[in-house]
Amino acid sequence: MAQEKKESFTPLTWTTLDYEYREKSREWYIALTVVVVGIALGAFILSNYLFALLVLVAGFAIAVHAEKKPENITCEINDKGIRVNTRLYLFPELASFWVEVEHREPKLFIESKRMLLPHISLSINRDDGQKIRNVLLKKLSEEHHSDSFGHAVLDYFGF
């Protein structure tokens, strides 16, 4: 009986920030307040008190999140999949990847086969881009991906 030769796979590990933090100006908070109060006031005038309350709570949550500093996360590509902190994305659950180093912030984009939240975006070091690509080519297909619409909107507003 011939034994199957297992391909050598050296794990690749890096640390990055959870997201790119951008300091919010005083004007940003004033604009947020004006928009939130305006929408809540409109909802209140239309007797939609629950929506007015929801808008005020959402505005407060956005302001609190805007001040939150990103945490360091550890990413690893191993023989089973891609690990982000304690969450392991197994290769059979993943569809494809794209390494973008020409972007302002170099990123690894991963498309999963999940229905909810299928896009995974990880910051990488520009110098590690080719190493990450070479390792992932052994396990996944390469397809061009970019930030999802939701990520683009959040990036536009400074998140």
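Scroll up to find the structure this text is about.
As the structure is a prediction and not an experimental result, all values here were calculated from the model.

Student: Just to check I follow, could you spell out the nonpolar core for this structure?
Tutor: The biggest cluster of nonpolar side chains holds 21 residues, and the ones touching the most others in it are Ile82, Leu108, Leu122, Ile132 and Leu136. Elements represented by at least two residues in this core include exactly β1 (12-17), β2 (72-77), β3 (81-84), β5 (94-100), β6 (107-112), β7 (119-123) and α3 (129-137). Ranked by size, the runner-up nonpolar core spans 8 residues in total, among them Ala43, Ala52, Val55 and Ala66.

Student: Sorry if this is basic, but what is going on with α3 here?
Tutor: The periodicity of an α-helix, 3.6 residues per turn, causes residues three or four positions apart to be oriented the same way. All of the buried residues in α3 are Gly129, Ile132, Val135 and Leu136. Looking straight down α3, one finds its buried side chains confined to an arc of 135°; they lie on one side. Looking at the packing, one finds that the buried side of α3 touches β1, β2, β3, β5 and β6.

Student: How should I be thinking about the environment of Asn72 in this particular structure?
Tutor: Mapped onto the elements of the fold, Asn72 is located in strand β2. For the pair Asn72 and Ile110, spaced 38 residues apart in sequence, the C-alpha separation works out to 19 Å. Not counting chain neighbours up to four residues away, the residues in contact with Asn72 comprise Thr15, Thr16, Leu17 and Asn85.

Rules behind the numbers
Counting restarts for each chain: residues are numbered from 1 in the order of the written sequence. At least 70 in pLDDT is required for a residue's local features to be given in this predicted model, at least 80 for side-chain atom pairs to be given and counted, and no such filter applies to totals for whole chains, interfaces and linings, which use all residues. Side-chain figures throughout are based on the complete set of non-hydrogen atoms in the structure, without hydrogens or water. For this analysis, a nonpolar core means a set of buried residues of the types Ala, Val, Leu, Ile, Met, Phe, Trp, Tyr and Cys, connected via side-chain atoms within 4.5 Å. With a 1.4 Å probe rolled over the protein chains alone, any residue whose accessible area is under 20% of its type maximum counts as buried; one over 50% counts as exposed, and the rest are partly exposed. Secondary structure follows DSSP: runs of H or I at least 4 residues long count as helices, runs of E at least 2 residues long count as strands, and numbering of each begins at the N terminus. Note that the arc is defined by the directions from the helix axis to the C-beta atoms. Any two residues having at least one pair of non-hydrogen atoms within 4.5 Å are treated as being in contact.

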